[in-house]
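# Geometric and topological summary
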Amino acid sequence: MAESTVTSSDNPDAQRRFRAALSMFATGVAVITAPRKNGPPIGITVASFNSVSLDPPLILFSVDRRNLSLHDLSAAGTYAVNVLDEAQQDLSNRFAKANSDKWASMPGMSIERADVVLLPNSLATFECEPYAQYDGGDHVIFVGRVNQHQSRSEGRPLVFFGGRYHTLNGAHRPSA
Ligand SMILES: Cc1cc2nc3c(=O)[nH]c(=O)nc-3n(C[C@H](O)[C@H](O)[C@H](O)COP(=O)(O)O)c2cc1C
């Protein structure tokens, strides 16, 4: 097992090793969506989604300060988290491309109400209102309060691990 100390932000090699170590934590993939006042909705692929609290119902994700949608997302009155199915890798790539027309020829897009944009066939969706925002270094941490959620009873997640997409090959032992 390689050991490294994260020393300096201007050491690219140390940063690469830090990033590689972080990528050993397998996550799902989600797309954050929100309507935008002037223009197409926001859509950002994230692996940083996580649960926070059951009561009140809170979730979090973090957004890179360089992301073009950060300003509009900070101002949004509502946003949604769309948890991707293993068949939705193309959507993950689509919403990870900055400076592109992310919604061009989008199959079966669903604008539920004026304030909610949901991606059809997601494994789960969480409709949120902003609860808090925190400084997270080069990211901003968004905490959302969940007002509505939907989930499918079956389906398998798109998994991100080691900088690559994976799929689950089935369940192991039940969790304790
Ligand atoms: C699997 C995957 C996970 C990602 N996770 C995040 C994340 O958690 N936070 C983030 O800010 N960007 C993440 N990104 C990168 C953004 O999706 C990408 O920078 C996107 O273009 C930002 O959109 P914008 O510049 O239009 O705001 C991820 C990309 C991929 C492919």
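Residues numbered from 1 in each chain as written. Predicted model: local features only at pLDDT ≥ 70, side-chain atom pairs only at ≥ 80, totals over all residues. Heavy atoms only, no water.

An unreviewed UniProt entry lists the chain under the name Flavin reductase family protein, with Paraburkholderia agricolaris given as the organism.

## Remarks on the overall build of the chain
Quick reminder of the rule: Strands here mean DSSP runs of E at least two residues long; helices mean DSSP runs of H or I at least four residues long; both are numbered from the N terminus. Each radius of gyration is computed over the set of C-alpha atoms, and the globule rule expresses the reference value as 2.2 Å times the number of residues to the power 0.38. Think of it in three bands: residues with accessible area under 20% of the maximum for their type are buried, residues over 50% are exposed, and the middle band is partly exposed, with areas taken using a 1.4 Å probe on protein chains only. Under the convention used here, a 1.4 Å probe and the Shrake-Rupley method define accessible areas, while residue burial counts only the protein chains that appear. In summary, the charge assignment counts Lys and Arg as positive and Asp and Glu as negative, without counting His or the chain termini. Where a charge sits is defined by one atom per residue type, namely NZ (Lys), CZ (Arg), CG (Asp) or CD (Glu).
Helix and strand counts for the chain stand at three helices and twelve strands. Here the C-alpha radius of gyration of the chain, 17 Å, is about what a compact globule of 176 residues would show, namely 16 Å. Per-residue burial over the chain gives 33% buried out of 176 residues. Of the accessible surface of the chain, which amounts to about 11300 Å², a share of 52% is contributed by carbon and sulfur atoms. Each charge class in the chain was averaged separately, 16 positive and 17 negative side chains, and the resulting centres sit 4 Å apart.

## Quick look at the site of the ligand
Counted only if it meets this: One heavy atom suffices: a residue is near a molecule or strand as soon as one of its heavy atoms comes within 4 Å of it. N or O atoms within 3.5 Å of each other form a polar contact, as long as, within protein, one can give a hydrogen and the other can take it, and as long as residues adjacent in sequence are counted only when both atoms are side-chain atoms. The nonpolar class holds Ala, Val, Leu, Ile, Met, Phe, Trp, Tyr, Cys and Pro. Asp, Glu, Lys and Arg form the charged class, and all remaining residues, Gly among them, are polar.
Taken together, 18 residues surround the ligand, and among them Thr45, Ser48, Asp64, Ser69 and Lys102 come closest. Between Ala47 and the ligand, the recorded distance is 2.9 Å, taken from a backbone N or O atom to a nitrogen atom. Between the ligand and the protein, one listed contact pairs an oxygen atom with a side-chain N or O atom of Lys102 at 2.8 Å. Here the ligand has 640 Å² of accessible area as a free molecule, and 83% of this is covered by the chains. Those elements that place two or more of their residues in the shell around the ligand are β3 (42-46) and β5 (58-64). Grouping the amino acids of the shell around the ligand by side-chain chemistry returns ten nonpolar, five polar and three charged.

## A short note on the pattern of salt bridges
To keep it simple, the criterion reads: The term salt bridge refers to a side-chain nitrogen of Lys or Arg lying within 4 Å of a carboxyl oxygen of Asp or Glu.
Overall, the coordinates contain seven salt bridges when judged by the stated rule. Taking the shortest distance from any N to any O, the salt bridge between Asp13 and Arg17 comes out at 2.6 Å. Residue Asp13 and its partner Arg17 are both found in helix α1 (residues 12-22); the two are separated by four residues, about one turn of the helix. The exposure class of Asp13 is partly exposed, given its relative accessible area of 36%. When its relative accessible area of 33% is taken as the criterion, Arg17 is described as partly exposed. The partner of Asp64 in a salt bridge is Arg66, with the nearest N and O atoms 2.7 Å apart.

## Topic: the packing of aromatic side chains
Going by this rule: The rule is short: rings of Phe, Tyr and Trp, with Trp giving its six-membered ring, pair when the centres are within 6.5 Å, and they are stacked under 30 degrees, edge-to-face over 60, tilted in between.
Using the criterion set out here, one finds six aromatic pairs in the structure. Between Tyr79 and Phe142 the ring centres are 6.3 Å apart and the planes differ by 90°, which places this aromatic pair in the edge-to-face class. Here the residue Tyr79 occupies a position in strand β6 (residues 79-83), and Phe142 occupies one in strand β10 (residues 139-151), the gap between them amounting to 63 residues. Exposure remark for Tyr79: the relative accessible area of 3% places this residue in the buried category. Ring pairs connect the aromatic residues Phe61, Tyr79 and Phe142, which therefore count as one cluster.

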